[in-house]
Amino acid sequence: MMSDPPITLSPVTMPQSAEDRRLYEWILTRRSLAFFIDAMFIMLFTVSGYVLVLLLGLVTFGLTWLFLGLVFPVVALGYYALTLGVRGSTPGMGAVGVRLISSTGTPIGALPAMGHAILFWISVVILTPLALLVCFFNGRGRLLHDMALDCTLVNDLSRARP
């Protein structure tokens, strides 16, 4: 599998060069669309996981039903670790042409990808959805969990039209 070359980010808050501006064009809209696409995939996999555990419960006389509460967390974290952590983008991000990179310009890896998902939900649940307003006050559309993990969401210029 061929790896994407690292993208170097300028250290300033607002994009300065034309290349920097292209990295962040429509990033908030694309990020929102990617979230909804990924939510649909996670929902589909979660429902499949529930059906599987329920059917296995019939064979194991209800023993696997004890694990019903673990289906969603395992599916969601596995989804982010296997997609975002390995490829640098989830299927939703790939569909809208964005990817998540570290401050060095490389994909973030499986463990930080799971941390990224966990920090997102913690920030939204504890700090209310008002925590999402942070993206309007920085030039790169970063959210709190992006800042905590020192990563940013950028347009995938290798897939962009000329």
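Everything here concerns the structure above.
Here is what the cut-offs are and how they apply
- Residues numbered from 1 in each chain as written.
- Predicted model: local features only at pLDDT ≥ 70, side-chain atom pairs only at ≥ 80, totals over all residues.
- Heavy atoms only, no water.
- Buried < 20%, exposed > 50% of the residue type's maximum accessible area, 1.4 Å probe, protein only.
- Helix = DSSP H or I, 4+ residues; strand = E, 2+ residues; numbered from the N terminus.
- Pairing = 2+ DSSP bridges.
- Contact = heavy atoms within 4.5 Å.
- Expected span 1.5 Å × (residues − 1).

Colleague: So what exactly am I meant to see when it comes to the pairing of strand β2 (residues 151–155) here?
Modeller: The side chains of a regular strand alternate, residue by residue, between the two faces of the sheet. Among the five residues of β2, five are classified as buried, and the element is accordingly described as predominantly covered. Here β2 shows two buried faces, one formed by Cys 151, Leu 153 and Asn 155 and the other by Thr 152 and Val 154. Where strand β1 (residues 98–102) and β2 come together, five bridges link them in antiparallel fashion. Counted as the bridge partner of Ile 101 is Thr 152 from β2.

Colleague: Would you take a moment to explain the side chain of His 116 for this structure?
Modeller: For His 116, the position within the fold is in helix α5 (residues 110–126). Those residues in contact with His 116 that sit more than four places away from it in its chain are Arg 31, Leu 84, Leu 100, Ile 108, His 145, Asp 146, Leu 149 and Cys 151.

Colleague: Just to check I follow, could you spell out helix α3 (residues 71–87) for this structure?
Modeller: Because an α-helix packs 3.6 residues into every turn, residues spaced three or four apart end up facing the same way. The end-to-end C-alpha distance of α3 is 23 Å, a good match for the 24 Å that 17 residues give at a rise of 1.5 Å each. Every buried residue of α3 is accounted for by Val 71, Val 75, Ala 76, Tyr 79, Tyr 80, Ala 81, Thr 83, Leu 84 and Gly 85. Backbone geometry just downstream of α3 places Gly 88 in the positive-phi region, at approximately 90°.

By themselves, these are just geometric observations and shouldn't be taken as functional.
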